[in-house]
Structures are given as structure tokens and as C-alpha cells.
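A closer look at the structure
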Amino acid sequence: MLKIDMPVMGSVILAAALVAATDTASATEHASAAMINANGESVGSVTLRATPHGTLLHATLENLPAGAHAFHVHAAGVCEPPFASAGGHFNPGGTKHGIDSAEGMHAGDMPNIHVPASGALEIEVLNTQLKLDALLFDEDGASIVIHDGPDDYASDPAGAAGARIACGVIVQ
Ligand SMILES: [Cu+2]
Ligand SMILES: [Zn+2]
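Residues numbered from 1 in each chain as written. Chains lettered and ligands numbered in written order. Predicted model: local features only at pLDDT ≥ 70, side-chain atom pairs only at ≥ 80, totals over all residues.

Describing the overall build of the chain
Counted only if it meets this: The numbering of helices and of strands both runs from the N terminus, where a helix is a DSSP run of H or I of at least 4 residues and a strand a run of E of at least 2. In this scheme the burial state of a residue depends on its C-beta neighbours within 10 Å: 20 or more other such atoms mean buried, 12 or fewer mean exposed, and anything in between means partly exposed; the C-beta positions come from the backbone. Placing C-beta atoms from the backbone, we regard two residues as in contact once those atoms come within 7 Å.
Regarding its fold elements, the chain presents 1 helix and 9 strands. Out of the 172 residues in the chain, the part that is buried amounts to 34%. Of the contacts made within the chain by residues no fewer than 6 positions apart, 60% connect residues no fewer than 24 positions apart.

Have a look at this one:
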């Protein structure tokens, strides 16, 4: 049995090495998303930068309604109003939604943003579960989505955050 298994194991290891090489090739240090509202108007941008501890997002936003809004990474890179096209939350781990959930969270889950009366906001947030790799940049891409209401950090699958009011495709 051992004589048969050895070559099989060798090819499995080779296949794993090829997959790893492919992943490395498609990983990137920087990415960005141009954010649009449901009318197709620009509401700013988000840059994403790989760090040793996750992805640092830097959002420079304007013309948003004041108040608390959910801020997520969604699984599809398609932003056609009303942005259902962006799919669900980016969730490569197959976990449940929510920063407060013991069975969570999604890699796309992030803290709410709080827009002041001016409608403009600049923030940085570190997403320790997000990597700018081939999982994020898969065939259908990924996006950043801002919701009308805040994420309750618990309700599966999307935090009961209401309508999607802004979206941006993440591009390398
Ligand atoms: Cu969302
Ligand atoms: Zn989620």
C-alpha cells in the first residue's frame, strides 16, 4: 500500500504548491473602491492596503445622509442600483453574521460608520479578517457597501441594516 500511496501523496503536495503559487500571484498590496449612490453619483472612495495584521481601509466619503450606517465588504463586485447585485457579505469562512455573534463573524463585517450633518466623513478601519488575496478577487470580485441603517452586529445574515445606499467595486 505504501508504494502506491507515495506517488499519489507527491502529486497532492505538488497540486497544493501550485494553488499556493496562484494565490500569491493574485494577492495585492493595494486596492480601491469608487463609491456611488443609488443615483450613480459619486459619494467618495475607499482605499484598501494590506498590512501584516489584516487590511486597512481608508474611507473618504461625502454626500451621505447623516447618521449611523452599516459598512461591509460584500461578496460580488457588481454595483448596479439598488445594489442587490453586490450579493451577501464576504464570508469565505462560512460563518454567521455579526461582530456580537459567537458563531460569527463574516470577514466582510466591520463597525458602523457615523456620518455627521455635513454628510462627509473620513475614517480608517482595520479589518483583521480581510486579505487582499484570490478569495476576495475571485471570479465575481467583491465590493464595499454602505447601508441606510446601522448593523445591529447580530442578526444573520446581514445585521438588519436596511437598504443599500452606496456601493463600490473593489479593484486592484
Ligand atoms: Cu452590507
Ligand atoms: Zn455579515
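Side note on the sheet that holds strand β9 (residues 164-171)
Threshold: Two strands qualify as a pair provided that DSSP identifies no fewer than 2 bridges between them. Whenever a helix is involved, its axis is fitted only over the stretch in contact; in every case the axis is a line through C-alpha atoms, and angles between N-to-C directions fall within 0 to 180 degrees.
Taken together, 7 strands build an open sheet; the order of strands is β5-β8-β9-β1-β2-β3-β7 and the sheet is antiparallel. Since the sheet does not close on itself, it has two edges, and those belong to β5 (71-74) and β7 (121-127), each with one partner. Mean inter-strand twist for the sheet, computed between neighbouring axes without regard to direction, equals 20°.

Focus on the nonpolar core
The cut-off we apply is this: To form a nonpolar core, buried Ala, Val, Leu, Ile, Met, Phe, Trp, Tyr and Cys residues must be joined through C-beta atoms within 7 Å.
Among the nonpolar cores identified, the biggest contains 36 residues, and Met35, Val46, Ile144, Ala166, Cys167 and Ile170 are the most heavily contacted of them. Looking at this core, the elements with two or more residues in it are β1 (30-37), β2 (42-51), β3 (54-61), β5, β6 (113-115), β8 (143-147) and β9. A total of 5 residues in this core trace back to one element, the largest contributor, which is β9. The contact partners of Val46, leaving out residues within four places of it in the chain, are Ser32, Ala33, Met35, Leu57, His58, Ala59, Ile144 and Gly168.

Brief notes about unusual backbone geometry
In this model, Pro81 is joined to Pro82 through a cis peptide bond whose omega is 5°. Considering the arrangement of structural elements, one finds Pro82 in the loop between β5 and β6. Non-glycine residue Asn63 carries a positive phi angle of around 55°. Mapping Asn63 onto the fold places it in the loop between β3 and β4 (67-69). With a phi close to 65°, Tyr153 is a non-glycine residue in the positive phi region. Locating Tyr153 in the fold gives a position in the loop between β8 and β9.

Overview of the confidence of the model for the chain
Defined as follows: pLDDT expresses how confident the predictor is about each individual residue, on a scale running from 0 to 100.
Overall, the prediction assigns the chain a mean pLDDT of 90, with 85% of residues at 70 or greater. Confidence drops under pLDDT 50 across residues 9-25; counting only partners more than four residues distant or on other chains, this segment forms 3 contacts.

Side note on the pairing of β1
Relative to β2, β1 is paired through 7 bridges, and the arrangement is antiparallel. Bridge pairing links Ala31 to Leu48 in β2. Here β1 runs beside β9; their pairing, made up of 4 bridges, is antiparallel. If you follow Ile36 over to β9, its bridge partner there is Cys167.

Brief notes about the pairing of β8
Side chains on a regular strand alternate between the two faces of the sheet. Counted residue by residue, β8 has 5 buried out of 5 residues, so it is predominantly covered. Of the two faces of β8, the one holding Ser143, Val145 and His147 and the one holding Ile144 and Ile146 are both buried throughout. Bridging between β8 and β9 involves 5 bridges; their strand directions are antiparallel. The residue of β9 that forms the bridge with Val145 is Cys167.

Here we look at the environment of Gln129
The residue Gln129 is located in the loop between β7 and β8 in this model. By the C-beta count within 10 Å, which is 18 here, Gln129 ends up partly exposed. Counting along the chain gives 20 residues from Gln129 to Asp109, while the straight-line C-alpha distance between them is 9.0 Å. Setting aside chain neighbours within four positions, we find Gln129 in contact with Gly54 and Ala107.

What to know about the environment of Val125
Positionally, Val125 belongs in strand β7. Classification of Val125 by C-beta neighbours within 10 Å gives partly exposed; the count is 15. With residues up to four places along the chain from it excluded, the contact list for Val125 reads Leu57, Met110 and Pro111.

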